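Spelled out from the first residue to the last, the chains are:
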Amino acid sequence: MRVLSIGECMAELSPQHEAGTFRLGFAGDTFNTAWYLARISPEINVSYFTGFGSDSISAQMREMISEAGIDHSNCLVVPDRTVGLYLISLDHGERSFSYWRGQSAARCLASDPDKLGQAIEGHDLIYFSGITLAILDASGRATLLSALRTARINGKLIAFDPNLRPRLWEGTDTMLKATMEGAQVSDIVLPSFEDEATWFKDATPKATANRYLSAGGNTIVVKNGADEIYYRDQTREGTVPVPPIAAVIDTTAAGDSFNAAILAGTKDQSPLPQRIALACRLSAAVVQARGALVPINAADFKS
Ligand SMILES: O=C(O)C(=O)C[C@H](O)[C@H](O)COP(=O)(O)O
């Protein structure tokens, strides 16, 4: 199986134990999912599509992506731009982000429709998120959605995490509209209930799932923090409890790593409750360390 994830990887500053000390890493929602997928499923070929600059920090990022075993050979290089930056702030383990990404190279990722189409070719599953849509202008968004629509018609599986980030959008209405357009081209939708309830006013996780099902998805898993996870596919629906976690250090990438375990299960079509249980174990390990990408023992998370 070949998986392509599309979006933005940024330089990451994550706070360390000693106050005022930050570690420089690289992360970004769709990249985090690709990274965890490559870690837990070495038999899956994982590729990433984004825009890089041609400066030294872009080269360091490319090197890190290669070292993770992720192919980035089809990416776009935008010589007069560089990578975006974000900083994690922690409040009792709960993360919030500050961004410097307004002019990042990744914002140009859909500027060359042929290159985008070539990158999608040869993959079985394409993953993107609401953040991928948010960083594009209206024309880039239309190009990406049209490429994904065509890919789906050609039999590829499309997976989408709405990852609602109002600060990245010019207005709430645009965010809600574009999110539903993302869902319309997707088979698998992996929303987070807290965000969906806030912005779409869904009363329950089931309401969130129904909204994405009627948009055209066929497999929906609604993450819900420490609360049980609701899932629905063509044949059944149900909930899976989330085991308690003793000490949450940094929730960054909880959802992204969770998504990686769900996508890993598409390889042999393992049942959703089994995938969700694995996804909970993986995200539990991720929130017990600092930063988005944390060292894990891949053998503990075999799907
Ligand atoms: O906000 C963005 O643009 C980022 O990509 C930064 C983070 O690495 C992910 O967003 C973390 O994602 P969660 O799994 O929701 O914690």
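These numbers come from a predicted model, not from an experiment. (Residues numbered from 1 in each chain as written. Predicted model: local features only at pLDDT ≥ 70, side-chain atom pairs only at ≥ 80, totals over all residues. Heavy atoms only, no water.)

A closer look at the packing of aromatic side chains
Let me state the cut-off plainly: Here a pair means two rings of Phe, Tyr or Trp (six-membered ring of Trp) with centres within 6.5 Å. Their orientation is stacked below 30 degrees between planes, edge-to-face above 60, and tilted elsewhere. A ring has a charge above it when a Lys NZ or an Arg CZ is no more than 6 Å from the ring centre and no more than 35 degrees off the ring normal.
Applying the stated rule across the entire model yields 7 aromatic pairs. Ring centres 6.2 Å apart and planes at 45° place the aromatic pair Phe97 and Tyr99 in the tilted group. Arg101 extends its terminal NZ or CZ atom over the ring of Tyr99, reaching a point 4.6 Å from the ring centre. Above the plane of the ring of Phe200 lies Arg211, whose end atom (NZ or CZ) is 3.7 Å from the centre.

Considerations on the pattern of salt bridges
Should their charged atoms come close, side chains of opposite charge can pair. For clarity, the cut-off: By convention in these notes, a salt bridge is any Lys or Arg side-chain nitrogen within 4 Å of a carboxyl oxygen on Asp or Glu. A run of H or I in DSSP becomes a helix once it reaches four residues, and a run of E becomes a strand once it reaches two; helices and strands are each numbered from the N terminus. Partly exposed residues are those whose accessible area sits between 20% and 50% of the maximum for their type, while under 20% is buried and over 50% is exposed, using a 1.4 Å probe and protein chains only.
Overall, the coordinates contain 9 salt bridges when judged by the stated rule. As a salt-bridge pair, Glu196 and Arg211 come within 2.8 Å of each other at their nearest N and O atoms. Taken together, the residues span a long stretch of sequence, with Glu196 in helix H7 (residues 193-200) and Arg211 in helix H8 (residues 205-215) at a distance of 15 residues. When sorted by exposure, Glu196 lands in the same class as Arg211, which is buried. In this structure, Glu237 and Lys206 form a salt bridge, with 3.4 Å as the shortest nitrogen-oxygen distance. Note that Glu237 is positioned in strand E14 (residues 237-240) and Lys206 in helix H8, a separation of 31 residues in sequence. What emerges from the salt-bridge pattern is a single network uniting Glu43, Lys267 and Asp268.

Describing the confidence of the model for the chain
What counts is decided by this rule: Summary of the metric used: pLDDT quantifies the predictor's per-residue confidence within the range 0 to 100.
With 100% of its residues at a pLDDT of 70 or more, the chain shows a mean pLDDT of 96. Model confidence for the complex is summarised by a pTM of 0.97, with the ipTM given as 0.93.

Thoughts on the nonpolar core
Inside soluble globular proteins, nonpolar side chains tend to come together where they are buried. How we decide: Within this scheme, the nonpolar core is defined by two criteria: the residues are buried Ala, Val, Leu, Ile, Met, Phe, Trp, Tyr or Cys, and they are joined through side-chain atoms within 4.5 Å. Throughout, a residue-residue contact means that at least one pair of heavy atoms, one from each residue, lies within 4.5 Å.
Ile6, Phe31, Tyr36, Ile70, Ile120, Phe128 and Ile276 are the most contacted members of the largest nonpolar core, which totals 96 residues. Sequence-distant contacts of Ile276, defined by excluding residues within four places in its chain, comprise Val221, Ile229, Tyr231, Val240, Phe258 and Ile262.

Quick look at the pairing of strand E9 (residues 125-129)
For a regular strand, side-chain orientation follows a simple rule: the groups alternate between the two sheet faces. What counts, and what does not: The criterion for strand pairing is that DSSP finds at least two bridges linking the strands in question.
With 5 of 5 residues buried, E9 lies mostly within the body of the structure. Here E9 shows no split at all, with Leu125, Tyr127 and Ser129 on one side and Ile126 and Phe128 on the other all buried. As paired strands, strand E1 (residues 2-6) and E9 are joined by 3 bridges and run parallel to one another. Bridge assignment links Leu4 to a residue of E9, and that residue is Ile126. Direction of pairing for E9 relative to strand E10 (residues 157-161): parallel, over a ladder of 5 bridges. Among the inter-strand pairings, Tyr127 is bridged to a residue of E10, identified as Ala159.

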